[in-house]
Amino acid sequence: MNELHVPSKALTAADLVFRALSDPGRRSLLDRLRVKGGRTLLEMCEGMEMSRQAVTKHLLQLEEANLVVARRMGREKLHYLNPVPIHEISERWIRPFERGRLEALRDLKAQLER
């Protein structure tokens with residue numbers, strides 16, 4: 001599947017996050033960092049069914065979306081999950097839909113208690 005190429009400067013922060021999350025390989029890399037942060041590129045490649053170059057490309061896209069933060073420790077570059085953009089997406093796109101359900105449950109509980 002070919003992604004529509006839109007220059008990064010034209011994309012919002014949310015666009016970058018959604019684009020980054022659209023790929024199962026990138027989501028897999030995020031899952032690994034969620035379990036254990038501070039992984040090197042070599043550690044990120046272990047067990048992945050993609051080349052080192054593909055992992056590097058995916059990590060760069062995750063960094064561009066601010067979902068991954070990389071820190072240098074000597075010669076190594078360590079990768080960490082940054083959950084803030086996912087939280088912001090949750091607040092904007094998920095929480096408003098939860099409110100209605102919670103209010104419905106509250107109303108149902110009040111009716112049943114009468």
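A few points on the structure. (Residues numbered from 1 in each chain as written. Predicted model: local features only at pLDDT ≥ 70, side-chain atom pairs only at ≥ 80, totals over all residues. Heavy atoms only, no water.)

**Description of the overall build of the protein chain**
Thinking step 1. Looking only at helices and strands, the protein chain has six helices and two strands in total.
Thinking step 2. Secondary structure of the protein chain in N-to-C order comes out as α-α-α-α-β-β-α-α.
Thinking step 3. Taking 114 residues into account, the globule formula puts the C-alpha radius of gyration at 13 Å, and the protein chain, at 19 Å, lies well above it.
Thinking step 4. Along the three orthogonal principal directions, the C-alpha set of the protein chain runs to about 65 × 30 × 25 Å.
Thinking step 5. Looking at the protein chain alone, contacts between residues at least 24 apart form 46% of all its contacts between residues at least 6 apart.
Thinking step 6. A distance of 2 Å separates the average location of the 21 positive side-chain charges in the protein chain from that of its 16 negative side-chain charges. (Helix = DSSP H or I, 4+ residues; strand = E, 2+ residues; numbered from the N terminus. Rg over C-alpha atoms; globule rule 2.2 N^0.38 Å. Contact = heavy atoms within 4.5 Å. Lys, Arg positive; Asp, Glu negative; His and termini not counted. Charge placed at Lys NZ, Arg CZ, Asp CG, Glu CD.)

**A look at the pairing of strand E1 (residues 68-73)**
Thinking step 1. Where E1 meets strand E2 (residues 76-81), six bridges bridge the pair, whose relative direction is antiparallel. Bridging from a neighbouring strand, Ala70 pairs with His79 of E2.
Thinking step 2. Linkage of E1 to E2, two consecutive antiparallel strands, is achieved through a turn of two residues, within which Gly74 is found at a positive phi near 65°. (Pairing = 2+ DSSP bridges.)

**Examining the packing of helix H1 (residues 13-21) against helix H4 (residues 52-64)**
A pair of packed helices is captured by two measures, namely the crossing angle of their axes and the spacing between those axes.
Thinking step 1. At their nearest, the axes of H1 and H4 sit 8 Å apart, and the two run at 150° to each other. Put simply, H1 runs roughly antiparallel to H4. Between H1 and H4 lies a crossing whose hand is left-handed. Across the interface between the two elements, Leu16, Arg19 and Ala20 from H1 touch Gln61, Leu62 and Glu64 from H4. (Axes fitted to C-alpha atoms, helices over the stretch in contact; angles between N-to-C directions. Parallel < 35°, antiparallel > 145°, perpendicular 65-115°, else oblique. Left-handed = near helix turned anticlockwise from the far one by under 90°.)

**So, the pattern of salt bridges**
Thinking step 1. Inspection of the entire model under this criterion finds seven salt bridges.
Thinking step 2. The shortest N-O distance in the salt bridge between Arg106 and Asp107 comes to 3.2 Å.
Thinking step 3. For Arg106, a relative accessible area of 54% translates into the label exposed.
Thinking step 4. A salt bridge links Glu113 to Lys109; the nearest nitrogen and oxygen atoms lie 2.8 Å apart. Comparing Glu113 with Lys109, the two get one shared label, exposed. (Salt bridge = Lys/Arg side-chain N within 4 Å of Asp/Glu carboxyl O. Buried < 20%, exposed > 50% of the residue type's maximum accessible area, 1.4 Å probe, protein only.)

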